[in-house]
Protein chains: 2
Amino acid sequence: MPKCNTGHEVLVVVGQVRPVAHPTSPALHVLHVLLWQHTLGPAAGRWALPGGVVGDDEDLATSATRQLAEKVDVRSLSHLESVAEFSDPSRIPGRRVFASGFLGVLPSDADPDIPDDTAWFRVDDLPDTVFDHAEIVARARARLAAKLSYSTLGFALAPEEFTLSTLAQHYAAALGHPVDPTNLQRILTRRGELVRCGRSAPPGPSGGRPAALYRFAERRLRITDQFATLRPPVDVLTEDRA
Amino acid sequence: MPKCNTGHEVLVVVGQVRPVAHPTSPALHVLHVLLWQHTLGPAAGRWALPGGVVGDDEDLATSATRQLAEKVDVRSLSHLESVAEFSDPSRIPGRRVFASGFLGVLPSDADPDIPDDTAWFRVDDLPDTVFDHAEIVARARARLAAKLSYSTLGFALAPEEFTLSTLAQHYAAALGHPVDPTNLQRILTRRGELVRCGRSAPPGPSGGRPAALYRFAERRLRITDQFATLRPPVDVLTEDRA
DNA sequence: TCAAAAGTGTTAACAGTACACCCATGG
DNA sequence: CCATGGGTGTACTGTTAACACTTTTGA
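Residues numbered from 1 in each chain as written. Chains lettered and ligands numbered in written order. Predicted model: local features only at pLDDT ≥ 70, side-chain atom pairs only at ≥ 80, totals over all residues. Heavy atoms only, no water.

1. Things to note about the protein's contact with DNA strand C
- Around DNA strand C there are 29 residues in total, and A:Arg186, B:Ser165, B:Thr182, B:Ala212 and B:Arg231 lie nearest to it.
- Backbone sugar and phosphate groups make up 66% of those atoms of DNA strand C lying within 4 Å of the protein.
- B:Arg186 has a polar side-chain atom sitting 3.2 Å from a base oxygen of DNA strand C.
- Those elements giving two or more residues to the surface near DNA strand C turn out to be α5 (181-190) of chain A together with α5 (181-190) of chain B.
- Looking at the surface near DNA strand C, the element that brings in the most residues is α5(A), giving five residues.
- Taken together, the residues of the surface near DNA strand C break down into 11 nonpolar, 10 polar and eight charged. (Near = heavy atom within 4 Å. Polar contact = N/O pair within 3.5 Å; in protein donor to acceptor, adjacent residues only side chain to side chain. Helix = DSSP H or I, 4+ residues; strand = E, 2+ residues; numbered from the N terminus. Nonpolar A, V, L, I, M, F, W, Y, C, P; charged D, E, K, R; others polar.)

2. What to know about the interface of chain B and chain A
- Chain B puts 41 residues into the contact, and the matching count from chain A is 41 residues.
- For chain B, the biggest contributors to the area lost against chain A are B:Ser149, B:His177 and B:Leu230; these three give 18% of the whole.
- Put simply, chain B and chain A have zero salt bridges between them.
- By residue class, the composition of the side of chain B that touches chain A is 21 nonpolar, nine polar and 11 charged. (Contact = heavy atoms within 4.5 Å. Buried area = accessible area lost by both parts, 1.4 Å probe. Salt bridge = Lys/Arg side-chain N within 4 Å of Asp/Glu carboxyl O.)

3. Re the pattern of salt bridges
Residues and elements named next belong to chain A.
- Going through the model one piece at a time under the given rule, you end up with 34 salt bridges over all chains.
- For Asp 225, the salt bridge identified is with Arg 191, shortest N-O distance 3.0 Å. Of this pair, Asp 225 sits in the loop between β9 (212-216) and α6 (234-241) while Arg 191 sits in the loop between α5 and β8 (194-200), and the two are 34 residues apart along the sequence.
- Judged by relative accessible area, Arg 191 falls into the buried class, the value being 13%.
- Overlapping salt bridges bring together Glu 160, Glu 161, Arg 199, Arg 215 and Arg 219 as one network. (Buried < 20%, exposed > 50% of the residue type's maximum accessible area, 1.4 Å probe, protein only.)

4. Topic: the environment of B:Leu157
Residues and elements named next belong to chain B.
- Among the structural elements, Leu 157 can be located in helix α3 (residues 154-157).
- In this structure, the C-alpha to C-alpha distance between Leu 157 and His 170, residues 13 residues apart in sequence, is 6.7 Å.
- If near-sequence neighbours (up to four positions away) are discounted, Leu 157 is found in contact with Val 17, Val 105, Leu 106, Pro 107, Ser 108, Leu 148, His 170 and Ala 174.

5. Quick notes on the packing of helix α4 (residues 164-175) of chain B against α5(B)
All names here are of chain B.
- For the pair α4 and α5, interaxial distance at closest approach is 9 Å and the crossing angle is 95°. Put simply, α4 runs roughly perpendicular to α5. Residues Leu 164, Leu 167, Ala 168 and Tyr 171 of α4 form the contact with α5, whose participating residues are Pro 181, Leu 184, Gln 185 and Leu 188.
- Grouping the amino acids of the contact of α4 with α5 by side-chain chemistry returns seven nonpolar, one polar and no charged. (Axes fitted to C-alpha atoms, helices over the stretch in contact; angles between N-to-C directions. Parallel < 35°, antiparallel > 145°, perpendicular 65-115°, else oblique.)

Structure below.
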């Protein structure tokens, strides 16, 4: 293989809503990001996104999936999408490397066995990161928040079955602002995303009405609100559906 | 320079709303795309997007701008943005080449001197194109249409000064469905995008009230409708603004 | 005075936030 | 029977598509 003066890597922002132990924290659920720590070289001690060089015979998404499985043992992504390309010629020292930033999402009930040199960090409280990785996290986070609003992406955050309050907490953790469970229910029901399981979750230690369990009708990404305005006339829409 | 087994190119979908001569066509304005024709090799006769290999010391957007200027003499883009990365290892024959697909927009009054081997094509009636270029056009077109709905991107299509009916025709050409000038005016005015020039356009040959001329308050991309739903509560929004 | 084109105003539907109120359960 | 939390219903606001109506021009 000839030596190359440029390379191409993928870097994945793996996001997961995780409970926070500390009881003084206002939010019980917080969006976390998976990072690993450099132990050698000039960046020793600093943290980086999982990823690596793209293989010759794989596309970017395939490479991202493979490297997450190999390097941090993450195999249960509910969503993976490309966010942006980072192409500044001097983004890292040494030879020129393009980076494809991806957003990966884990449902909150997934619990991968991550290696010793990796850890989960609250997205609002990242450690010292390497190169442009903090910017990549910011871009991925913005994408996640935006897409929750106009697509069915919520399924990727949630476990198989959930109560509406926990789902609202998941949305709140990802969006960064409170979400009213009442209104969330109306929106998701109107879109046909929610299905009642029939069963209920046991109430908390201090009593309270048991919460009904729901699941997503379909664990697949769909754009539900494509147009903020200037929507096509209804007759055009119905034509398209035919 | 060592020989590489992979490369990285940019490909730009240059979009422009252009008048259509044929009088039987229902729309007077149609979205067009700039393509150039291969004359040599196995792809001779087929059409391709402008672009080329990214230089060692330029980022992707810089490279796109440079190559449009050098190769098709397009220097008056009103907008340029990255759309997607095309990374299928076999997307083109021969060595592996990543392609960054860009959307470029020309205002309808720009009239670049394009070379002999390039031509404008209606976006709904493309000729035989090379490799995955048709898919890149489709992705860029979808991006343009979506972004018109929730941002100020309309300025990129329009000339410096315009009447509301021509502006509505520009939007209609890019969106692919009719746009009511009345409602367009309300929306853009509420967003503070429109400014009256004071002057009027001369009426057509068959008379009619002369149309007022408008311009955009600001020729800069801004997201105006970020949330389709699940917007943050008002107190959070005002906090952010402070 | 008429046709054509632009601009104004109105209406009805709808979506979304906020919030009050009722219900089910454990202690 | 009371506290705790879940669920339901409603009021209010803002936005938009659709369309009728008025205004201004040339012939």
